[in-house]
Amino acid sequence: LCEGSCQLRTDPEKRNDRYTMLYMFFWSIQIIILWIRIVGLLQRTEIMGPLLRMMIYVAKDIFSFLILTLAITIGFLFAIHYIVGGDIDRDVTCDVLIEEHPLYENDDCEEASEYINSMRGISIYLFQTLLGQQDWEVLDENDLYGFSRGRAQLLSTVLMCYIILGTILSLNML
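Please read all numbers here as calculations on a predicted model, not as lab measurements. Sequence order as written defines the numbering, with residues in each chain counted from 1. A pLDDT threshold of at least 70 governs which residues receive local features in this predicted model, and a stricter bar of 80 or more applies before side-chain atom pairs are shown or counted, although totals over entire chains, interfaces and linings include all residues. Based on all heavy atoms of the structure, the side-chain values leave hydrogens and waters out of the count.

Let's talk about helix α5 (residues 119–130)
Then, number 1: Here α5 contains 12 residues, and its C-alpha end-to-end distance of 16 Å stays within 8% of the 16 Å for a straight helix at 1.5 Å per residue.
Then, number 2: Where α5 is concerned, the buried positions are Gly-121, Ile-122, Tyr-125, Leu-126, Thr-129 and Leu-130.
Then, number 3: Backbone geometry just after α5 places Gly-132 at a positive phi near 80°. Secondary structure elements are defined from DSSP: runs of H or I of at least 4 residues count as helices, runs of E of at least 2 residues count as strands, and each element is numbered from the N terminus. How far a helix is expected to stretch is found by multiplying one less than its residue total by 1.5 Å. Whether a residue is buried, partly exposed or exposed follows from its accessible area with a 1.4 Å probe, protein chains only, as a fraction of its type maximum: under 20%, in between, or over 50%, in that order.

Considering the packing of aromatic side chains
Then, number 1: Ring geometry is summarised as follows: Phe, Tyr and Trp rings, the Trp one being its six-membered ring, pair when their centres sit within 6.5 Å, and such pairs are stacked at plane angles under 30 degrees, edge-to-face over 60 and tilted between the two. Evaluation of the coordinates by the stated rule reveals three aromatic pairs.
Then, number 2: Ring geometry for Tyr-23 and Trp-27: centres 6.5 Å apart, planes at 10°, overall stacked. Taken together, the positions of Tyr-23 and Trp-27, both in helix α2 (residues 18–42) and four residues apart, correspond to about one turn of that helix.
Then, number 3: A residue is classified by how much of its surface remains accessible, and Trp-27, at 45% relative accessible area, is partly exposed.
Then, number 4: Consider the rings of Phe-25 and Phe-26, whose centres lie 5.3 Å apart with planes at 65°: the pair is edge-to-face.

Some details on the side chain of Thr-73
Then, number 1: Relative to the assigned elements, Thr-73 resides in helix α3 (residues 48–84).
Then, number 2: Thr-73 gets classed as buried once you look at its relative accessible area, which sits at 18%.
Then, number 3: Nitrogen and oxygen atoms within 3.5 Å of one another constitute a polar contact, given that in protein one can donate a hydrogen and the other can accept it, and given that sequence-neighbouring residues count only through two side-chain atoms. A polar atom in the side chain of Thr-73 sits 2.9 Å from the side chain of Tyr-162.
Then, number 4: Once you skip the residues sitting within four places of it in the chain, Thr-73 turns out to touch Leu-126 and Tyr-162. By definition, residues are in contact when any of their heavy atoms lie within 4.5 Å.

Overview of α3
Then, number 1: Spanning 37 residues, α3 covers 50 Å between terminal C-alpha atoms, matching the ideal 54 Å at 1.5 Å per step.
Then, number 2: Those residues of α3 that fall on the buried side of the exposure criterion are Gly-49, Leu-52, Phe-65, Thr-69, Ile-72, Thr-73, Phe-76, Leu-77, Ile-80, Ile-83 and Val-84.

Structure below.
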């Protein structure tokens, strides 16, 4: 049937089956444990032993840093959620606005590039901010979502405080 280089693919429905994904999850964990075990064997060597012990001490310091960063992030998560109030929503699009208000000009409509209306969305946005990869356009005022200039400035101020506390101070403590 197949001439030359023929690749047979697995049916995507089978790969997305719940039991297959559960199997993939446990297999992934098992592979990770296997390689951690190999690292444990390397710890007994003269060259790698001290390096791996030092890495364990560094991991303990990073864990302490992550607890501090998590506490700061959770505080800012609730602050941003209170300011945004679920307004920057993916269900509100320019098409919906034009249907509700036929006189609205399409040129003025601008949808948000990221949706920070849920705890999950805000958490992802704060993580991006911690890494310095945030999208600043989300913080602009937007008539589509009823997000006024005052709230946009307040949100920008809170996010700047997070950048100072969460990123600059915390990462320098690390």
